[in-house]
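Now for the letters of each chain:
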Amino acid sequence: MATSLKTVMAKRTPRAGAERVDARDKVRGATRYAADDARAGLLHAALVPSRIARGSVTAIDTAAAQRVRGVRTVFTHENIGSFDTGGFLMGGGFGFQSFHPLRSPQIAYRGQTVAMVVADTPEAAREAAALVAVTCAAIPFVATIDAPDAQPQAQSALLPQPMFADRRAGDAEAALQGAAFTVDAAYELPVQHQNPMEIIATVAEWSADGVLTIHEPTQNAESVRHGLAKQLGIEPARVRVLSPTVGGGFGQKNSLQSHTALVAIAARALGRPVKLVLSRSQLFHNASFRPASRHRVRLGADRGGKLVAAIHEIDQQTSRHDLFPSNGTEITARLYGIGNFLGRERLVRTDVQTPGYMRAPFEHPAAFAFESAVDEMAYVLGRDPVAFRLANDTAVDPISGKPFSSRHLAECLAKGSSAFGWARRTMVPRSMRAPDGSLIGWGVAAGAYKAAIAPAIAKVRLDANGTVRVAVGGHEMGQGIRTAIALTVARVLGAPVAAVEILVGDTTAAPQHLTAGSWGTATALPPVQEAAQRLMDDLRQNAGAQVGANGTTAVALLRASGRPFAEAESRMRAPGQPEQVFGRLTGGLPAAAGPVYPDFVAFSFIAHFVEVRIEPTTRRIRVPRVLSVADCGTVASLRTARSQVEGGVVWGIGAALREASEVDARYGGFLNADLAEYVLPVAADIGRIDVDFVGKPDTRLNAMGVKGLGEVAMVGVAPAIVNAVFHATGKRLRRLPLRLEDLLES
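Read on for an overview of the structure. Remember, it's a predicted structure, so these values are computed and weren't measured experimentally. (Residues numbered from 1 in each chain as written. Predicted model: local features only at pLDDT ≥ 70, side-chain atom pairs only at ≥ 80, totals over all residues. Heavy atoms only, no water.)

**Some thoughts on the side chain of Asp37**
With respect to the element layout, Asp37 can be found in the loop between α1 (23-27) and β1 (43-49). Residue class for Asp37 comes out buried when judged on its relative accessible area of 17%. Within the structure, the side chain of Asp37 is placed 2.6 Å from the side chain of Arg39, a separation counted as a polar contact. Leaving out residues up to four positions away in the same chain, Asp37 has contacts with Leu42, Val203 and Lys275. (Helix = DSSP H or I, 4+ residues; strand = E, 2+ residues; numbered from the N terminus. Buried < 20%, exposed > 50% of the residue type's maximum accessible area, 1.4 Å probe, protein only. Polar contact = N/O pair within 3.5 Å; in protein donor to acceptor, adjacent residues only side chain to side chain. Contact = heavy atoms within 4.5 Å.)

Here's what the structure looks like:
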């Protein structure tokens, strides 16, 4: 199960499937994370945050901080020396943003680092950081997407690349005008923060021969490596990044962080390893987050219940210094067979750190808006919400006209409605009640997420003692990639799962592509399986007559050959990608392809069925049960796949009913930047979660037939809850999270 404070234990039926290979170490505390480093001689860093939202530093007084016992130095923009920017990940660089603190006196957002203290102990570093006196000159700033001086700008003009252009099929405006029935609704979603269980930490150390080693939880070790090399002006070969286990990432750890270079510079200057552990509050102000967004959805349908037009417009927050793109209409254009579609997205510059990817980054907000509007249209037409969705299914991508590599959304809806007991649902809102008087609502929503693939190089080695070593690009973020790899290799080689050792998140083992966007499994497993099969074929060819070729384990074949070891390698890329894409892989740049490939379009799909119960006087909302059916191709590891969906459902419940990062419009920054006030679901909020899979391989996408699951698991949960709330109360709510006051009678 992905490690997150949002992923809590659900009440559910027992799960089948092989055990996780890392389960025992995790539950007994043997798994080590970057922040666990407590070696002798380690120095500790602490950050000094800006108290203004925009402006510049005019003076820094570090005298009091320097007098604290154990303080080694205080770095500011005046004494740290020059270093380069790592660039913005979506702008051809390596970082979550292009802006790096201490390169100048500029202040771009509240909470930005304006100084860093290094001391012998973390206590001394924190005490000294509180004593650094910073004088600033403030200038006007834009705090929120709805501020009077916020200026939405067309994304298609700001980011002219084809992938960010308006999405068009047919003539949506004309078709909408001629539609017999229409829906026109606006939706609001707040800023949210990932809050992984493991907060961000960095340990930097230099060897005597000038090699920098970084221990940091990251989803993108190669990006950290190459970004640091650029910043520090050294060869990437002189940087090693180790991230064997990440205690939750969810997009927040998907690229170079703004503080990492500062820690590396401090370690080089002081000749000692330096460790920095960000506080929970600093994660809110110094790492990426889900930006606020505003949606307008207009739908048109004919008298026969066919959707004939859809227009989905999105305004999304970005920073002043980077353009973090919006991509929500990528899925809403493909959920149904709507021949006339227009998706238009705009960006709004605000004075924050650059927003970024948070689980189902655009797809969760987009699906909330679109699937809420689809449900509303079903009621306008007097159609059952499941039947209405099934009637508007499609086998062809409305945007490109290409077929889907596989699409089993209709089967997800059909299986889910049967298992959930949807036939017992009455159509009329407020018509279902529990014995205690609670209002009961049943809601449904669909979700989709691109089935992307990135290039990968996998190496498999078998030693005569039976040990199997696998090296491949990937990061274990709690999603269970090690388990999926181990099961795959063990099956091919006939080896015990316990004999498989897996190296991921290590830049010296194999090129480490960014692990995100649900492409980890589809990227890593096919080349791992191919390398294992090549090794097995080689062993069989060389075994001769000594051992029968069929039904013999790899280690038996190896011993019969007399060789001490055997190894094989596989290089794979996505359909349509050129060989040159491996240059991006080895250069630390994202190289994922899809959902549109030369001959088809590929998505994972899911259907969520939700029951809510609403207390009749307080209007408190409970979610006693959820049923989710996913179309993710081959299920490589049943146990971890179920956990991914369960975790995604919990995230969706949190997004719908709990989570919002409250922006301080007076001073900038976030007011509830801790776990006491950023409200997350706990075990008592989670009822029964049932999970099922279509389980049909998508062999057009890759030989194993696997598609992504971790992201799509969340997509559609929030609108299913909101649609259930409408069914229970008759009230359409269009702003997340839902508040009690939204449901109180006027």
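**Describing the pattern of salt bridges**
In this structure the tally under the stated criterion is 46 salt bridges. In this structure, Arg39 and Asp37 form a salt bridge, with 2.6 Å as the shortest nitrogen-oxygen distance. Residue classification places Arg39 among the partly exposed residues on the basis of a relative accessible area of 29%. With its nearest N and O atoms 3.4 Å apart, the salt bridge here joins Asp685 to Arg622. Within this pair, whereas Asp685 is found in the loop between α17 (638-657) and β24 (688-693), its partner Arg622 is found in strand β23 (residues 621-631), the two being separated by 63 residues in sequence. Relative accessible area serves as the criterion here: at 31%, Arg622 is assigned to the partly exposed category. Each member of the salt-bridge network shares a partner with another, and the members are Arg20, Asp22, Lys26 and Glu476. (Salt bridge = Lys/Arg side-chain N within 4 Å of Asp/Glu carboxyl O.)

**Quick notes on the nonpolar core**
The biggest cluster of nonpolar side chains holds 93 residues, and the ones touching the most others in it are Leu299, Phe370, Phe609, Val612, Ile721 and Val725. If we ignore the near neighbours within four places in the chain, the residues touching Ile721 are Val610, Val612, Gly652, Ile653, Ala656 and Leu657. Ile453, Leu493, Leu558 and Val706 belong to the second largest nonpolar core, which has 42 residues in total. (Core = buried A, V, L, I, M, F, W, Y, C linked by side-chain atoms within 4.5 Å.)

**Observations regarding the environment of Ser255**
Looking at the element boundaries, Ser255 is found in the loop between β12 (239-242) and α7 (260-270). Classification of Ser255 by relative accessible area gives buried; the value is 1%. Taking C-alpha positions, Ser255 is 35 Å from Ala64, a pair spaced 191 residues apart along the chain. The contact partners of Ser255, leaving out residues within four places of it in the chain, are Leu89, Phe94, Gly95, Phe96, Thr218, Asn220, Ser223 and Val224.

**Digging into the sheet that holds strand β2 (residues 55-61)**
One open sheet accounts for three strands, arranged β4-β2-β6; its pairing is antiparallel. Looking along the sheet, the strands with just one partner apiece sit at the ends: β4 (106-107) and β6 (133-138). Pairing analysis gives two bridges linking β2 to β4, with the strands arranged antiparallel. Paired with Ser56 across the two strands is Gln106, which belongs to β4. (Pairing = 2+ DSSP bridges.)

**Re the packing of aromatic side chains**
Applying the stated criterion across every chain, the model contains 18 aromatic pairs. A ring pair is formed by Phe99 and Tyr109, whose centres lie 6.1 Å apart and whose planes are at 70 degrees; its orientation type is edge-to-face. Of the two residues, Phe99 is situated in the loop between β3 (71-75) and β4 and Tyr109 in the loop between β4 and β5 (113-119); the sequence distance between them amounts to 10 residues. What makes Phe99 buried here is its relative accessible area of 9%. For the ring pair Phe404 and Phe603, a centre distance of 6.4 Å and an interplane angle of 70 degrees mean the geometry is edge-to-face. One end of the pair, Phe404, is in the loop between α11 (385-391) and α12 (409-420); the other, Phe603, is in strand β22 (residues 603-614), and 199 residues separate them in sequence. According to the relative accessible area criterion, Phe404 is buried, its value standing at 6%. Phe603 gets classed as buried once you look at its relative accessible area, which sits at 0%. The ring of Trp651 carries Arg359 above its face, with NZ or CZ at 5.6 Å from the centroid. (Phe/Tyr/Trp six-rings, centres within 6.5 Å; stacked < 30°, edge-to-face > 60°. Lys NZ or Arg CZ within 6 Å of the ring centre and 35° of its normal.)

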